[in-house]
Amino acid sequence: MRIQTIRGFRDILSEEAGKWRYVEDTAREVLDWFGFKEVRLPILEKTSLFARSIGENTDIVEKEMYTFTDKSGDSLTLRPEATASMVRMFIQHSLYGQPKAAKLFTIGPMFRRERPQKGRYRQFWQVDAEMFGFTHPLADAEIINVVDTILKKLVVPDYEIHLNSLGCQNCRKAFKKALQLYLEDKYNELCPDCQRRYKSNPLRVFDCKIATCKEALKDAPLITDYLCSECQTHFDTLQSYLSHLGIAFTLNPYLVRGLDYYTKTTFEVIIPGIGAQNAVAGGGRYDNLIKELGGKSTPAIGFAIGMERLIPCVPDSIPQKRPIFLALLGAEAVKLGLIWAKALREGGIWTEIDYRLGSLKSQLNRANRLQAAFTLIIGEDEIKNGKAILRNMDTKEQINIPVAPEQGLNIVLKILGREKVGRD
Ligand code: AMP
């Protein structure tokens, strides 16, 4: 039997990968503008890192992690998200107060054993960014501004930023109590999962997609009615900054997110109309997590963008690069062609050679299939005359240029829009 990918895992073939690279490059560029520095983290971590950060009673930890026992007896897990690893790294390397570690990002695959469907995979990629050490809502505004700028630069249409505050431990305590009291009355209307959650993690009931649970929550107390004055001021200030920046948002008091560590600001970017899995990014503040994981008390806020959901929403108008093709006929032409290719590539030009070295017709065919912008034709006659032919593949116009790269290269580079040899 042929071996295929595992359920929920997929290959990204070269045509799609070009768009991935463009989207990643754009995200990196925007993150650079905001001063975020890239880090690269392991994919495998100790299981306890996720159990302690994401929360024992969350769906991710309860049923979605790829966990196994290593030969050494350690329980290890393929990371289901990046924030926990970022925090582990921050504590492990004692990055407190270091300006270059205050804003960090990473791009890479995450693993969750969810039921696969459109926009939901078991291996998926995230652009994950975190800010460490800032309590002021200005940091919250900056984080949302980064996401908004990335989406605008990628010309993603019709996205909505949903915003909520989950308050601090104090206001959440009062809210949890009120919610539990409310849910007690509705117990029989809840699904078995929510009946369980109502005791251990009542906020999670807001995440349930089942219609009867949604109906049961219709008159539930809302966290935003329980914010203490500090959390309320933080939330109001953030909203005023976003309005000032012209970033549209929708207040959504039901937005609780699936992870336990959030405090105060939480947000999600939704694109209605892309299917059931319409959240392309999510994030929030987690002021207690670093301390809870054994570090010095440090406030933090971050976001993750899901690449599989974002990429289909990015219009396909990415400028396509086109190669120059070398059509080489005869042994001498091949040798000269190798020198041309070397010089062009060193000049930053995508250069293709037909390694089959067939007839001129078949080489031009190949040039067309590769959508070459130009073909440089060199055969025995061209070498004898000292003149190669440069063919514009769109207009079919042909001109002669010196066959020797020393004389011809700069002419070709100029025609291709490169003034001189050298990298950008
Ligand atoms: P979270 O880490 O759950 O806050 O998710 C952040 C973003 O990652 C979501 O908004 C999605 O875009 C993406 N994401 C989460 N889970 C999956 C998945 N199973 N498949 C694809 N994308 C996902």
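Use the structure listed above.
Anyway, here's the lowdown on the structure attached to this text. Treat the numbers as computed from the prediction; the structure is a model and nothing was measured. (Residues numbered from 1 in each chain as written. Predicted model: local features only at pLDDT ≥ 70, side-chain atom pairs only at ≥ 80, totals over all residues. Heavy atoms only, no water.)

**Considerations on the overall build of the protein chain**
Next, step 1: When its secondary structure is counted, the protein chain shows 15 helices and 16 strands.
Next, step 2: Relative to the 2.2 N^0.38 estimate, which gives 22 Å for 424 residues, the radius of gyration of the protein chain is 28 Å and therefore markedly larger than a compact globule would have.
Next, step 3: Oriented by its inertia axes, the alpha-carbon framework of the protein chain measures out at about 95 × 55 × 45 Å.
Next, step 4: Sequence-distant contacts, at least 24 apart, represent 68% of the contacts inside the protein chain between residues at least 6 apart.
Next, step 5: Just so you have it, the protein chain exposes about 21800 Å², and 51% of that area is on carbon and sulfur atoms.
Next, step 6: In the protein chain, which carries 59 positive and 52 negative side-chain charges, the distance between the mean positions of the two groups comes to 3 Å. (Helix = DSSP H or I, 4+ residues; strand = E, 2+ residues; numbered from the N terminus. Rg over C-alpha atoms; globule rule 2.2 N^0.38 Å. Contact = heavy atoms within 4.5 Å. Areas by Shrake-Rupley, 256 points an atom, 1.4 Å probe, with all protein chains shown as cover. Lys, Arg positive; Asp, Glu negative; His and termini not counted. Charge placed at Lys NZ, Arg CZ, Asp CG, Glu CD.)

**Here we look at the pattern of salt bridges**
Next, step 1: Applying the stated criterion to the full structure yields 22 salt bridges.
Next, step 2: Lys-153 is paired through a salt bridge with Glu-29; the nearest N and O atoms lie 3.4 Å apart. Residue Lys-153 is found in helix H5 (residues 137-153), and its partner Glu-29 is found in helix H1 (residues 14-33); the two are separated by 124 residues along the sequence.
Next, step 3: Looking at Lys-153, the relative accessible area reads 34%, which means it is partly exposed.
Next, step 4: For Arg-196, the salt bridge is made with Glu-62, and the minimal N-O distance between the two is 3.4 Å. Taken together, the residues span a long stretch of sequence, with Arg-196 in helix H7 (residues 192-200) and Glu-62 in helix H3 (residues 59-64) at a distance of 134 residues.
Next, step 5: When its relative accessible area of 36% is taken as the criterion, Glu-62 is described as partly exposed.
Next, step 6: Salt bridges here are not isolated pairs; linked through shared partners, they connect Asp-59, Glu-62, Lys-63, Asp-193, Arg-196 and Arg-197. (Salt bridge = Lys/Arg side-chain N within 4 Å of Asp/Glu carboxyl O. Buried < 20%, exposed > 50% of the residue type's maximum accessible area, 1.4 Å probe, protein only.)

**Some remarks on the nonpolar core**
Next, step 1: Judged by nonpolar contacts, the single largest core of 93 residues is most densely connected at Leu-31, Phe-36, Phe-132, Ile-150, Val-156 and Phe-303.
Next, step 2: One finds Leu-328, Ala-341, Ile-353 and Ala-388 within the second-largest nonpolar core, a separate group that totals 21 residues. (Core = buried A, V, L, I, M, F, W, Y, C linked by side-chain atoms within 4.5 Å.)

**Observations regarding the site of the ligand**
Next, step 1: If you check the shell around the ligand, you find 14 residues, and the closest are Arg-112, Glu-114, Tyr-121, Arg-257 and Ala-279.
Next, step 2: With respect to the ligand, the side chain of Arg-112 contributes an N or O atom lying 2.8 Å from an oxygen atom.
Next, step 3: Separating an oxygen atom of the ligand from a backbone N or O atom of Val-280 is a distance of 3.1 Å.
Next, step 4: The fraction of the free accessible surface of the ligand (490 Å²) that becomes covered by protein chains is 93%.
Next, step 5: If one sorts the elements of the shell around the ligand by residue count, strand E10 (residues 279-285) sits on top with three residues. (Near = heavy atom within 4 Å. Polar contact = N/O pair within 3.5 Å; in protein donor to acceptor, adjacent residues only side chain to side chain.)

Purely geometric stuff here, so don't read any function into it on its own.
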